Amino acid sequence: MTNRRTSPAALTQEIQLYLRDLIAGLHQLNDAVGARVELKGPDLEILDLVARHGPMSPSEVAASTGVHPATLTGIIDRLEQRGWLTRVPDPDDRRRVRLEARRERGPELVRLYGPMNRSLSEICAALTPEQLQVVRDFLRDAAVAGSDAADEVRGDD
């Protein structure tokens, strides 16, 4: 007989609860970082997306995040006014713009996220390469599941 605490169903439930705790903790971290640099949580999420994948058009950002274009305009304006990103002409169509993160501001955020990054490095250092691959694959698949679920809730096809 499988121990209730280690049954697949029980473990899955615990994983779901810990993911909720992780999301809440990351929201708290983003709020704390945002307060230090005078940005809101969604601003930091958009900035991170553009820094990782940019340059991007505003419509690409909206499609990637599900943020309404009117809301996104306010976020982009705030990020630009505070020196975190710039609008640059699209090289293929100069009527359009692309968003670029201002790399010189990056170290400020790296410093603020440093405690979390150090903790994650310590956690990962205690795992074998095989365990790290399982964690990586789980997080990748969970991220896709979250995005797919958001599309479903919004009614996107």
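Residues numbered from 1 in each chain as written. Predicted model: local features only at pLDDT ≥ 70, side-chain atom pairs only at ≥ 80, totals over all residues. Heavy atoms only, no water.

**Student:** Which parts of the structure should I look at to understand the environment of His27?
**Tutor:** With respect to the element layout, His27 can be found in helix α1 (residues 8–37). With 16 residues separating them in the primary sequence, His27 and Asp43 have C-alpha atoms 12 Å apart. (Helix = DSSP H or I, 4+ residues; strand = E, 2+ residues; numbered from the N terminus.)

**Student:** Can you help me understand a nonpolar patch on the surface in this one?
**Tutor:** A cluster of nonpolar residues, Ile15, Val135, Phe138 and Leu139, forms a patch on the protein surface that exposes about 320 Å² of accessible area. For the nonpolar patch, the element with the most residues is helix α7 (residues 129–154), which contributes three residues. Inspection of the secondary structure assignment puts Val135 in helix α7. Overall, Val135 belongs to the partly exposed group, its relative accessible area being 36%. (Patch = residues over 30% accessible without salt bridge, like charges linked within 9 Å, V, L, I, M, F, W, Y side chains within 5 Å. Areas by Shrake-Rupley, 256 points an atom, 1.4 Å probe, with all protein chains shown as cover. Salt bridge = Lys/Arg side-chain N within 4 Å of Asp/Glu carboxyl O. Buried < 20%, exposed > 50% of the residue type's maximum accessible area, 1.4 Å probe, protein only.)

**Student:** Help me out: how do you make sense of the layout of surface pockets in this one?
**Tutor:** Over the atoms rolls a probe the size of a water molecule, and in doing so it shows where empty space is left. Considered as a void within the structure, the second largest pocket measures approximately 170 Å³ in volume. Taken together, Ile15, Tyr18, Leu19, Asp21, Leu22, Phe138 and Leu139 make up the lining of the second largest pocket. The greatest single-element share of the lining of the second largest pocket, amounting to five residues, is contributed by α1. Looking at the lining of the second largest pocket residue by residue, the classes come out as six nonpolar, no polar and one charged. (1 Å grid on protein atoms, 1.4 Å probe; cavity = no way out; pocket = protein on both sides within 12 Å on 5 of 7 lines; lining within 4 Å. Points joined across faces, edges and corners; volume = space filled by probe spheres on them. Nonpolar A, V, L, I, M, F, W, Y, C, P; charged D, E, K, R; others polar.)

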